[in-house]
Structure formats: structure tokens, C-alpha cells
Amino acid sequence: VELIEFPAHNPWDFQEVYTLLHQFALSQSFNTDEEEYYIHITTGTHVGQICLFLLTEARYFPGVLIQTSPQNRIAKGVHHL
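Rules and cut-offs
- Residues numbered from 1 in each chain as written.
- Predicted model: local features only at pLDDT ≥ 70, side-chain atom pairs only at ≥ 80, totals over all residues.
- Heavy atoms only, no water.
- Helix = DSSP H or I, 4+ residues; strand = E, 2+ residues; numbered from the N terminus.
- Buried < 20%, exposed > 50% of the residue type's maximum accessible area, 1.4 Å probe, protein only.
- Contact = heavy atoms within 4.5 Å.
- Expected span 1.5 Å × (residues − 1).
- Arc of directions from axis to C-beta.
- Polar contact = N/O pair within 3.5 Å; in protein donor to acceptor, adjacent residues only side chain to side chain.
- Phe/Tyr/Trp six-rings, centres within 6.5 Å; stacked < 30°, edge-to-face > 60°.

## Considerations on the overall build of the protein
Within the protein, the secondary structure is distributed over two helices and two strands. Along the protein, from the amino end to the carboxyl end, the secondary structure elements read α-β-α-β. Looking at the protein as a whole, 23% of its 81 residues are labelled buried. Taking contacts inside the protein between residues at least 6 apart in sequence as the whole, the part at least 24 apart equals 61%.

## Regarding helix α1 (residues 14–27)
Helix length check: α1 (14 residues) gives 20 Å between terminal C-alpha atoms against 20 Å at 1.5 Å per residue, within 8%. Among the residues making up α1, those that are buried are Val17, Leu21 and Ala25. For α1, the arc enclosing every buried residue in end-on projection is 65 degrees, short of the 170-degree limit, so these residues lie on one face. The exposed residues of α1 that point more than 90 degrees off its buried face are Gln15, Leu26 and Ser27. Of the surrounding elements, those touching the buried residues of α1 are α2 (46–57). For α1, the N-terminal cap is Asp13; the gap from its side-chain oxygen to the backbone nitrogen of Gln15 is 3.1 Å.

## What about the packing of aromatic side chains?
Evaluated as defined, the whole model comprises four aromatic pairs. Geometrically, the ring pair formed by Phe14 and Tyr18 is stacked, given 6.0 Å between the ring centres and 15 degrees between the ring planes. With Phe14 and Tyr18 both in helix α1, this residue pair falls four residues apart, about one helical turn. According to the relative accessible area criterion, Tyr18 is partly exposed, its value standing at 25%. One aromatic cluster in this structure is built from Phe24, Phe30, Tyr37 and Phe61.

Here is the structure:
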């Protein structure tokens with residue numbers, strides 16, 4: 001897992017967030033033959049989540065989208081597959 005800080009001035013500005021993420025994706029040397037990539041879209045603004053979704057679906061991020069959430073207190077003891 002590699003955490004990367006995202007330097008958006010306004011994380012609710014669609015154009016800014018999309019542009020920054022697109023530039024970031026283009027600057028990466030993804031090695032899909034030897035590595036697997038997971039794009040976690042749970043945290044951040046809705047704008048960031050939408051931009052990550054769009055860029056992943058367009059294969060700028062060559063990975064699989066994942067979304068997680070903490071276990072619901074009411075559902076403790078219930079196992080989800």
C-alpha cells in the first residue's frame with residue numbers, strides 16, 4: 001500500500017480534482033504485469049470519488065475499484081461475504 005497526499009486547493013472543484021488526478025495518472029509508470037492496483041474510493045469528497053471512478057473506468061488508473069466501510073454496530077456478529 002502506498003499512500004499519496006493529494007494537493008487539491010478546492011476538493012469540491014470538479015475540474016481541479018479531475019485535472020490533478022488525470023495528470024497524476026499520466027505521470028505514473030504502472031506495471032500491470034507484476035503488480036495489482038486497487039483504487040479505494042471510500043474517503044474524500046464525492047467529487048474525488050467520481051473522478052477516481054471515471055479515470056479508472058477509462059483505464060488511466062489500471063486497477064480495480066474498491067469501497068469499504070466499517071462494520072455496522074447493529075450488524076455485529078453477522079458475516080458478509
